[in-house]
Every structure is written in structure tokens, then in C-alpha cells.
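Take a look at the letters that make up each chain.
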Amino acid sequence: MFNLNRFLILPLLFLIVAFFVHLPQGSVSGEEDLEATCSQLSSTENSCQSLSTAECQAVLKKCAAYYDGKSAEIAKDITKTQQQKNTLQNQITTLKKKVTSLESQIKQGTIMVKDLTLQIGETETSIDKTTVNIQNSQNQITNILRSLYEEDQKHPVTILINGNLSDFFSNVAYLESLNSKVSELLESTTNFKTYLEAQKIKMDTEKGQLQKTIQVQSLLKKENEQTKKEQEQHLKLTEEQYQQQQKEKAEVDKNAAAIKARIFNLVGVSKAPTFGEALAIAKYVSSVTGVRPAFLLAVLTQESNLGKNVGQCYVTDYNTGAGTNLQGTPRQRVMSPKSIPIFIELTQSLGMDAKKTAVSCWIPLYSGGVPYGWGGAMGPAQFISSTWNLYKGKTSQLAGHTANPWNINDAFLASGLLLVDNGAKTSESIAAAKYYCGGNYGRYECRAYASSVLSIANRYEADIKAIGG
């Protein structure tokens with residue numbers, strides 16, 4: 001029941017008429033009024049009550065187009081934001097790699113500094129030992145020189161008295177030989193000390209340069225870490241923007257769905273729809289499922305002539321599945337006994353009498369003289385009860401009420417969902433064949449059914465283009 005008083009109806013009606021009749025297209029005022037009007041229409045059920053069906057449909061279609069356009073604009077913004085996110089993420093990843101590389105270089109340099117420090121320490125120890133050796137050699141040379149000097153100061157007579165001449169000359173030769181060896185040792189040790197001191201200076205220089213390199217690397221690492229933090233902050237802000245855009249798009253899409261559902265429900269009729277009404281339903285279902293409107297219309301035409309023929313038989317024998325036609329003539333195989341319990345439960349839930357609810361009759365098919373197949377398909381989309389059970393929940397959720405296979409809107413919607421699951425977006429031919437035959441869609445009669453559906457769809461596509469749909 002309409003919940004606005006007459007005082008609120010008139011301003012709303014004036015708002016709608018003012019925008020669509022008097023305001024110039026594309027004006028700021030017009031856009032603001034359209035947004036307000038469409039927001040009102042998407043959030044209330046009865047705001048069109050004072051308008052005719054045609055007028056309400058016209059308003060709703062403009063609002064649907066408005067929300068679709070707004071959704072497309074937000075989608076573009078989302079794409080740009082996503083690209084910004086990706087760019088920032090790539091930059092952050094690159095910076096992380098740089099920081100990791102610098103950390104490795106710093107660790108490697110630190111290890112090399114430690115190694116050089118150890119080498120310098122060992123070299124200093126060697127220099128100290130060599131210095132001691134040089135001092136010892138110098139002491140030895142001093143002692144030898146002193147001995148030589150003392151021997152040289154002795155009178156020859158004294159030397160001869162204290163020993164023989166041979167011992168004297170042997171001692172002199174030994175001292176000279178020892179002096180020569182000590183001199184060589186002193187020279188070698190001195191050269192080694194010079195080399196070690198040069199090595200120490202070189203390693204000190206290398207250590208100093210390496211420490212400077214580590215300092216530079218540490219500064220670069222700090223700079224990169226700071227840049228990474230800044231980029232992560234930008235990414236966080238961009239992510240917040242992205243989520244806000246997603247939220248806005250979800251809200252716009254929700255409003256668009258509400259508007260389209262209003263159009264969908266507005267077309268709802270208890271009898272078979274006109275082509276225009278059926279096309280409006282098919283377009284709505286297409287917006288939800290992605291199934292081509294002409295293809296969906298063709299399937300429903302093939303199944304029930306767009307709801308004009310929803311069945312010519314009643315199931316009356318729940319044990320065998322037999323029944324009668326609408327005139328009372330007995331008919332075999334009206335419904336599979338396996339489907340009957342589901343059918344009874346469904347009709348009872350909808351307040352219908354199962355034995356007085358028309359379903360499809362059996363098309364006589366035989367293989368080797370043995371009949372196969374059943375009738376029992378329900379409503380404009382000709383679902384068997386077990387298949388309807390599979391799609392009842394999702395159809396009810398999208399329709400906003402308990403789905404009914406005999407309701408033209410619900411039948412179109414469930415049919416679209418089934419066709420999508422059959423692969424309609426990839427191959428309409430296979431989807432149609434599966435619609436008729438299920439898993440055994442490769443049989444000749446299944447391919448013939450699909451061929452007929454596609455032929456009808458081509459004609460409908462031409463009709464839709466001709467009327468500007």
C-alpha cells in the first residue's frame with residue numbers, strides 16, 4: 001500500500017515531469033534532479049503509483065541508463081586506480097629488492113672488514129716477530145763483530161802460545177762465515193719487515209675504503225627504506241580510494257538492479273506477454289545473466305511460444321505418471337514418478353492443485369520399440385520439477401520473492417540462469433541442445449532443436465534492431 005500522503009506525491013510527480021519535459025538535457029540542475037529522482041525510485045516500491053505504466057517505465061528506463069552510465073564511469077576510475085596500485089606495488093617491490101640487495105652487500109662488506117681486521121692483526125703480529133728476529137740478528141752480529149775485534153787485538157805471539165796456528169785460522173774463518181750468514185739473515189728479515197709493513201698499509205687502506213662503502217650503502221638502504229615507506233603510504237591511500245570506488249560502484253549497481261527489477265516486475269503479467277513485454281523481460285534477464293535477449297526469447301518461443309502454451313496435460317496417476325490431456329483423454333508418461341513428489345510439494349507451496357496444474361505431454365519417442373522420455377515440463381520455460389528445484393533458490397533471491405515456474409518473469413530468469421550454466425556465453429548452440437536434452441545433447445533431435453532455436457534467435461535479433469531495441 002502506498003505510504004506517502006497526497007502532499008508528497010504532487011512534488012515528486014512535478015519533479016519527474018519537470019526534469020524529463022522542461023529541463024534542458026545535460027544541465028547541472030537536470031543531473032541533480034535525475035539523481036534525486038532515481039535515488040527515490042530505487043529505494044521505494046510505490047513511488048510510481050500516480051503515473052501510468054508507460055510513464056513509469058519511461059522514467060525507470062532513464063534511471064536505469066543513468067545508473068549504468070554512472071557505473072561505467074566509476075568502473076573507469078577503478079581501472080585507473082588499479083593501474084596506480086599496480087605501479088606503486090611494482091615500485092615497492094623494486095625498492096624491496098634494492099634494500100635486500102644493499103643488506104646483502106652491507107653484510108658481505110662487514111664480513112670482509114672483519115677478515116681484513118684479522119689479517120691486519122696477524123700481519124702486525126708477524127711484524128712484531130720479525131722486529132724481534134731483526135733485533136736478535138743485530139745482537140748476534142754485534143757479538144761476532146766484538147769477537148772479531150778482540151781476536152784482531154791479540155798479538156800473534158800470544159795466539160801461537162795459547163794454541164796452534166791452524167786453530168787460529170779456523171776460528172777466524174768460522175767467525176767471518178758466521179758474520180756473513182748473520183748479515184744475509186738480517187738483510188732478508190729487514191726486507192720481510194718492509195714487505196709486511198707495506199701489506200699492513202695496503203690492508204688499512206682497503207679497510208678504510210670498505211668502511212666508507214658500507215657507510216654509503218647504509219645511507220642508500222636508509223633512503224630506499226624511507227622511499228618504500230612513502231610508497232606504501234601512497235599505496236594505502238590508493239587502496240582506500242579503490243575500496244571507496246568499489247563501494248560506490250556496488251551502491252550504484254545495487255540501485256541499477258533495483259530499477260531494472262522494477263521494470264521487470266512492471267512488465268509482469270498473468271497471461272502470455274506481448275513481444276514488447278517479453279523483450280523487456282529478456283533485456284532485464286540479460287543484464288543479470290549475460291544471455292543474449294534474442295537467444296533467450298528464441299528458447300522460450302521454442303518451449304512455450306513465449307508462455308502461450310505451458311502444457312496440455314494433467315498428471316493424475318502418481319504411481320505410474322500417467323494422466324490426461326486438457327480434454328480428459330488418457331495420456332501415458334505425463335510425468336516421471338521420480339519427479340512427482342517434488343511436483344506435488346512445489347504446487348502445494350504455491351497454493352496450487354497438482355492434479356489441476358497443466359504440464360507438457362509426453363512426445364512419443366521409441367528406441368527399438370521401447371518408449372523413452374517423459375512429459376511433465378512446467379511453465380513458460382518448461383522446467384521439469386527436479387531441475388526447477390536446482391534454480392528455485394537463486395531465482396527467488398534475484399526476483400525478491402518465492403519463485404514460481406508459471407510466473408513469466410521467474411520463468412525467463414530461471415531459463416537465463418540455466419542457459420548460462422549450459423555455456424550460452426561460449427556456445428549458444430550447445431547451450432540450447434543441453435536445454436532440451438540435458439547431458440545427452442549430441443543426439444540428432446537435440447541438434448535439430450538447437451538449430452531451430454538459433455534460427456528463431458536470428459529473426460528476433462533483426463526485429464529488435466528494427467525497433468531500435
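Residues numbered from 1 in each chain as written. Predicted model: local features only at pLDDT ≥ 70, side-chain atom pairs only at ≥ 80, totals over all residues. Heavy atoms only, no water.

## Digging into the packing of aromatic side chains
Next, step 1: Counting across every chain of the model gives 7 aromatic pairs.
Next, step 2: Ring centres 5.7 Å apart and planes at 70 degrees place the aromatic pair Trp362 and Tyr366 in the edge-to-face group.
Next, step 3: Feature note: the residues Phe383, Trp388, Tyr391 and Tyr435 constitute an aromatic cluster, connected by ring pairs.
Next, step 4: A cation sits over an aromatic face here: Lys355 above Tyr318, 5.0 Å from the ring centre. (Phe/Tyr/Trp six-rings, centres within 6.5 Å; stacked < 30°, edge-to-face > 60°. Lys NZ or Arg CZ within 6 Å of the ring centre and 35° of its normal.)

## Let's talk about the state of the cysteines
Next, step 1: What the rule picks out here adds up to 2 disulfides.
Next, step 2: Between Cys313 and Cys361 runs a disulfide, and the two sulfur atoms are separated by 1.9 Å. Across the S-S bond of Cys313 and Cys361 the torsion is about 105 degrees, and the bridge reads as right-handed. On the criterion of sequence distance, the pair formed by Cys313 in strand E1 (residues 313-315) and Cys361 in the loop between helix H8 (340-349) and strand E4 (366-367) is long-range, its members being 48 residues apart.
Next, step 3: With a relative accessible area of 0%, Cys313 lands in the buried category.
Next, step 4: A sulfur-sulfur separation of 1.9 Å characterises the disulfide bridge that pairs Cys437 with Cys446. For the disulfide bridge between Cys437 and Cys446, the dihedral angle about the S-S bond is near -105 degrees, and by the sign convention the bridge is left-handed. For the pair shown, Cys437 and Cys446 are each scored as buried. (Disulfide = S-S within 2.5 Å. Helix = DSSP H or I, 4+ residues; strand = E, 2+ residues; numbered from the N terminus. Buried < 20%, exposed > 50% of the residue type's maximum accessible area, 1.4 Å probe, protein only.)

## So, the layout of surface pockets
Next, step 1: Of the pockets and cavities examined, the largest pocket occupies roughly 1100 Å³.
Next, step 2: Broken down by element, the lining of the largest pocket gets its largest block of residues, 4 residues, from helix H11 (residues 428-437).
Next, step 3: A per-class count over the lining of the largest pocket returns 17 nonpolar, 17 polar and 5 charged. (1 Å grid on protein atoms, 1.4 Å probe; cavity = no way out; pocket = protein on both sides within 12 Å on 5 of 7 lines; lining within 4 Å. Points joined across faces, edges and corners; volume = space filled by probe spheres on them. Nonpolar A, V, L, I, M, F, W, Y, C, P; charged D, E, K, R; others polar.)

## A look at the sheet that holds E1
Next, step 1: Within the open sheet, the 3 strands sit side by side as E1-E2-E3. Their pairing is antiparallel. Each edge of the open sheet is held by one strand with a lone partner, namely E1 and strand E3 (330-331).
Next, step 2: Bridge analysis of E1 against strand E2 (residues 323-325) gives 3 bridges, and the strand direction is antiparallel. The partner of Tyr314 across the bridge, within E2, is Thr324. (Pairing = 2+ DSSP bridges.)

## Notes on the packing of helix H7 (residues 293-304) against helix H12 (residues 444-466)
Next, step 1: Running from N to C, H7 and H12 point in directions that differ by 125 degrees, and their axes come no closer than 8 Å. As far as their axial angle goes, H12 and H7 are oblique. Between H7 and H12 the crossing geometry is right-handed. Facing H7, whose interface residues are Ala294, Phe295, Leu297, Ala298, Val299, Thr301, Gln302 and Glu303, H12 presents Tyr449, Ser452, Val453, Leu454, Ile456, Ala457, Tyr460, Glu461 and Ile464.
Next, step 2: A class-by-class count of the residues in the contact of H7 with H12 yields 12 nonpolar, 3 polar and 2 charged. (Axes fitted to C-alpha atoms, helices over the stretch in contact; angles between N-to-C directions. Parallel < 35°, antiparallel > 145°, perpendicular 65-115°, else oblique. Left-handed = near helix turned anticlockwise from the far one by under 90°. Contact = heavy atoms within 4.5 Å.)

## A closer look at the nonpolar core
Next, step 1: With 54 residues, the main nonpolar core has Phe295, Leu297, Phe412 and Leu419 as its most contacted residues.
Next, step 2: Counting only elements with at least two residues in this core, the list comes to helix H6 (275-289), H7, E1, H8, helix H9 (385-399), helix H10 (408-421), H11 and H12.
Next, step 3: Those residues in contact with Phe295 that sit more than four places away from it in its chain are Leu419, Ala424, Glu428, Ala431, Ala432, Val453, Leu454 and Ala457. (Core = buried A, V, L, I, M, F, W, Y, C linked by side-chain atoms within 4.5 Å.)

## Quick look at the environment of Pro371
Next, step 1: Counting through the fold element by element, Pro371 comes out in strand E5 (residues 370-371).
Next, step 2: Look at Pro371 and you get partly exposed, because its relative accessible area is 31%.
Next, step 3: Counting along the chain gives 38 residues from Pro371 to Arg333, while the straight-line C-alpha distance between them is 9.1 Å.

## Some words on the pattern of salt bridges
Next, step 1: Scanning all chains against the criterion turns up 3 salt bridges.
Next, step 2: For Arg292, the salt bridge is made with Glu428, and the minimal N-O distance between the two is 2.8 Å. Taken as a pair, Arg292 in the loop between H6 and H7 and Glu428 in helix H11 lie far apart in primary sequence, 136 residues in all.
Next, step 3: In this structure, Arg292 engages Glu461 in a salt bridge whose closest nitrogen and oxygen atoms are separated by 2.8 Å. You can see Arg292 sitting in the loop between H6 and H7 and its partner Glu461 sitting in helix H12, a full 169 residues away along the chain.
Next, step 4: A relative accessible area of 26% places Arg292 in the partly exposed class. (Salt bridge = Lys/Arg side-chain N within 4 Å of Asp/Glu carboxyl O.)

## Observations regarding unusual backbone geometry
Next, step 1: Within the chain, Asn305 stands out as a residue other than glycine whose phi angle is a positive 55 degrees.
Next, step 2: Its place among the elements puts Asn305 in the loop between H7 and E1.
Next, step 3: Relative accessible area serves as the criterion here: at 39%, Asn305 is assigned to the partly exposed category.
Next, step 4: A positive phi angle, near 55 degrees, is found at Gln382, a position not held by glycine.
Next, step 5: Residue placement: Gln382 occurs in the loop between E5 and H9.
Next, step 6: Judged by relative accessible area, which is 14%, Gln382 ranks as buried.

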